[in-house]
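What follows is the residue order along each chain.
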Amino acid sequence: MDRILIRGGNRLSGRLPISGAKNAALTLMPCALLTDEPLTLRNLPRLADVDSFGHLLNQLGASTQIEGSRPEDFGRVMTIRAGKLSSTEAPYDIVRKMRASILVLGPLVARAGEATVSLPGGCAIGNRPIDLHLKALEAIGAEIELAAGYVKATAPGGRLPGGNYTFPIVSVGATENVVMAAVLARGTSVIENAAREPEIVDLCNCLVAMGAKIDGIGTETLTIEGRDRLHGATYAVMPDRIEAGSYACAAAITGGSVELVGVGMDNMRATVAGLIEAGVKVEERGGSLFVDAPDRLGPLTLSTAPFPGFATDMQAQFMAMLTMADGASVLTETIFENRYMHVPELARMGADIQVSGRTAIVRGVQRLTGAPVMATDLRASMSLIIAGLVADGETEVGRVYHLDRGYERLEEKLSAVGADIERAGDG
Ligand SMILES: CC(=O)N[C@H]1[C@@H](OP(=O)(O)OP(=O)(O)OC[C@H]2O[C@@H](n3ccc(=O)[nH]c3=O)[C@H](O)[C@@H]2O)O[C@H](CO)[C@@H](O)[C@@H]1O
Ligand SMILES: C=C(OP(=O)(O)O)C(=O)O
């Protein structure tokens, strides 16, 4: 199994190209199921999750074709054609590997009148239920049955009528599922307390490009007038704000200075506010963010929240960065109950972190030391890379497949800005 080896101590400096967003890509790909015409997605990141989603679409009868990208390019162009569906079932062995598979439920029931998807179960970052996905789909007319670990959604008479739903708490995935289902409903649907994450705006914009009628994009009330059919489109995946934020933390912990190419301030305000409060200079110029860090960072108090709040997907990377700040930081994780799996690993590198319930107190230390470490999820793995960049000696990060789910050619991008980092096979 691959490992990443890092020898810490180099200041990062230079240009870091930002790839297309994983969390947007994984909600744009299932949109292809809503039409018999091709959906072409540009700027799709080269990630294991994107490949897995492609395989899932293939199992449902869609073809996926990668077009003319050179191996040295970041990102790809993929055309997905779901002319005729051959199956409406997402089996357990795919869903268990990739939770985003649940996002075929809405489009399949809308297009084919039925969908069977394995229940995803829990995962390393905590209990991740899908009850709100099911309630929202029921509210727009789906009939839901649960049996043998699977959820079956059916549209009575073959087509969803549409309806209204108010989310009791903000859910990104459930908003995505119900929006994708409502665009083909017979009537109008009003979704209240919808998630407002930029990836949902990206989803809605792609659906509009396919002929959907959605009002209130980017707000907490989405009004969707169902269409008889959608058509094909070409759409570019938005830049990955979490990848960009991760590299900003990486540069900041080294006292470095980098240009994050292709991202702006707009979708990153909470991340940027945190960086600035910690003493990092962040400026937007000419379609890039310029990040310039001082030698020592200041401490922060942060709490994760739905957008426009501070993203849960940035919590682990900020924690790693703050292990070397001057003073004590207080981080509170409000979205997932078990998203501190990186804490014991960071502690093995010399970090001083105390967790009590959902809150972590991070007391800055003068130095970290390299160690063999491994994490159980994507962003936790990234936090170990960030710590490794300043740790004395060598850090060996195991279970690299977590990183490959969400960071396109991480070691190549970080080496290009001066990190001493490489991927190694089983030695
Ligand atoms: C609001 C939020 O920050 N969502 C994050 C969540 O999205 P993801 O879509 O995975 O999760 P949700 O937004 O649905 O979850 C938000 C909260 O709602 C709860 N819940 C969710 C669905 C459901 O049916 N029932 C239920 O109770 C979850 O347990 C969680 O506490 O993880 C992703 C991957 O880390 C992040 O990119 C998203 O930013
Ligand atoms: C946890 C994440 O992704 P997923 O929901 O795909 O596991 C993430 O993007 O940080």
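The structure reproduced in this document is the subject of the present report. (Residues numbered from 1 in each chain as written. Chains lettered and ligands numbered in written order. Predicted model: local features only at pLDDT ≥ 70, side-chain atom pairs only at ≥ 80, totals over all residues. Heavy atoms only, no water.)

Some details on helix H9 (residues 269-277)
Taken as a whole, H9 has its buried residues at Thr271, Val272, Gly274 and Leu275. Buried residues in H9, looked at end-on, bunch into an arc of 160°, giving them a common side. Looking at the buried positions of H9, the neighbouring elements they touch are helix H8 (241-253), strand E16 (281-285), strand E17 (288-292) and helix H10 (315-322). Following H9 by one or two positions, Gly279 has its phi on the positive side, about 105°. (Buried < 20%, exposed > 50% of the residue type's maximum accessible area, 1.4 Å probe, protein only. Helix = DSSP H or I, 4+ residues; strand = E, 2+ residues; numbered from the N terminus. Arc of directions from axis to C-beta. Contact = heavy atoms within 4.5 Å.)

Some words on the sheet that holds strand E20 (residues 352-356)
Pairing within the open sheet is mixed, and its four strands lie in the order E18-E19-E21-E20. The outermost strands of the open sheet, each flanked by one partner alone, are strand E18 (301-303) and E20. Put simply, the sheet's adjacent strands are angled 15° from each other on average, direction ignored. Bridge analysis of strand E19 (residues 328-332) against strand E21 (residues 359-363) gives five bridges, and the strand direction is antiparallel. Following the sheet pairing, Ser329 is matched in E21 by Val362. (Pairing = 2+ DSSP bridges. Axes fitted to C-alpha atoms, helices over the stretch in contact; angles between N-to-C directions.)

Details of the nonpolar core
Formed by 78 residues in total, the largest nonpolar core has its most connected members in Met29, Phe53, Val104, Leu105, Leu160, Leu207 and Ile214. With six residues, helix H6 (residues 172-182) is the single largest residue contributor to this core. Setting aside chain neighbours within four positions, we find Val104 in contact with Pro30, Leu33, Phe53, Leu56, Leu60, Ala90 and Val117. (Core = buried A, V, L, I, M, F, W, Y, C linked by side-chain atoms within 4.5 Å.)

Things to note about the layout of surface pockets
Within this model, the second largest pocket holds a volume of roughly 230 Å³. In terms of lining, the second largest pocket is formed by 13 residues, of which the most central are Ile253, Thr254, Asp295, Met324 and Val390. When grouped by side-chain class, the residues that make up the lining of the second largest pocket number six nonpolar, four polar and three charged. (1 Å grid on protein atoms, 1.4 Å probe; cavity = no way out; pocket = protein on both sides within 12 Å on 5 of 7 lines; lining within 4 Å. Points joined across faces, edges and corners; volume = space filled by probe spheres on them. Nonpolar A, V, L, I, M, F, W, Y, C, P; charged D, E, K, R; others polar.)

Examining the sheet that holds strand E1 (residues 3-7)
One open sheet holds the four strands; their spatial order is E22-E23-E1-E24, and the pairing between them is mixed. Each of the sheet's edge strands pairs with one partner strand only, and the pair in question is strand E22 (372-374) and strand E24 (420-424). For this sheet the average axis-to-axis angle between neighbouring strands, irrespective of direction, equals 25°. As paired strands, E1 and E24 are joined by five bridges and run antiparallel to one another.

Notes on the packing of H6 against helix H7 (residues 198-209)
Close contact between H6 and H7 brings their axes to 10 Å; oriented N to C, the two are set at 10°. Taken together, the axes of H6 and H7 are roughly parallel relative to one another. Touching Val172, Thr175, Glu176, Val179 and Met180 of H6 are Glu199, Ile200, Leu203, Cys204 and Leu207, all from H7. Its residues placed into classes, the contact of H6 with H7 shows seven nonpolar, one polar and two charged. (Parallel < 35°, antiparallel > 145°, perpendicular 65-115°, else oblique.)

Re the site of ligand 1
The local shell around ligand 1 holds 18 residues, among which Asp131, Leu132, Ser171, Asp313 and Ile335 are the closest. Asp131 places a polar side-chain atom, nitrogen or oxygen, 2.6 Å from a nitrogen atom of ligand 1. Contact distances for ligand 1 include 2.6 Å between an oxygen atom and a backbone N or O atom of Ile335. Contact with the protein chains covers 83% of the free accessible surface of ligand 1, which is 710 Å². Of all the elements in the fold, those that place two or more residues in the shell around ligand 1 are helix H5 (131-139) and H6. With three residues, H5 is the largest single contributor of residues to the shell around ligand 1. When its residues are assigned to classes, the shell around ligand 1 shows eight nonpolar, six polar and four charged. (Near = heavy atom within 4 Å. Polar contact = N/O pair within 3.5 Å; in protein donor to acceptor, adjacent residues only side chain to side chain. Areas by Shrake-Rupley, 256 points an atom, 1.4 Å probe, with all protein chains shown as cover.)

Here's the deal with the pairing of E19
Every second residue of E19 is oriented toward a common face, the buried set being Ser329 and Leu331 and the non-buried set Ala328, Val330 and Thr332. The parallel pair E18 and E19, bridged by H10, forms a crossover whose chirality is right-handed. (Right-handed = clockwise from strand over helix to strand, strands pointing away.)

Considerations on the side chain of Arg379
Position of Arg379 relative to the elements: it lies in helix H12 (residues 378-388). For the buried Arg379, no salt bridge is present, and the opposite-charge side chain at shortest range is Asp313, 4.4 Å distant. For Arg379, the side chain forms a polar contact with the side chain of Tyr407, separated by 3.0 Å. Ignoring sequence-local partners within four residues, the contact set of Arg379 consists of Lys22, Asn23, Ile242, Asp313, Ala316, Gln317, Arg339, Gly406 and Tyr407. (Lys, Arg positive; Asp, Glu negative; His and termini not counted. Salt bridge = Lys/Arg side-chain N within 4 Å of Asp/Glu carboxyl O.)

Here we look at the site of ligand 2
Around ligand 2, the structure places Lys22, Asn23, Ile125, Arg128, Asp313, Arg339, Leu378, Arg379 and Arg405. At a separation of 3.2 Å, an oxygen atom of ligand 2 approaches a polar side-chain atom of Asn23. Between ligand 2 and the protein, one listed contact pairs an oxygen atom with a side-chain N or O atom of Asp313 at 3.2 Å. The protein chains hide 88% of the 290 Å² of surface that ligand 2 would expose on its own. Split into classes, the residues belonging to the shell around ligand 2 amount to two nonpolar, one polar and six charged.

Some points on the pattern of salt bridges
As enumerated under the stated definition, the model contains 27 salt bridges in all. Linking Glu422 and Arg7 is a salt bridge whose minimum nitrogen-to-oxygen distance equals 3.0 Å. With Glu422 in strand E24 and Arg7 in strand E1, the pair connects residues that are 415 residues apart, well separated along the chain. Linking Lys213 and Asp215 is a salt bridge whose minimum nitrogen-to-oxygen distance equals 3.4 Å. Sharing partners across several salt bridges, the network here consists of Asp2, Asp404, Glu411 and Arg423.

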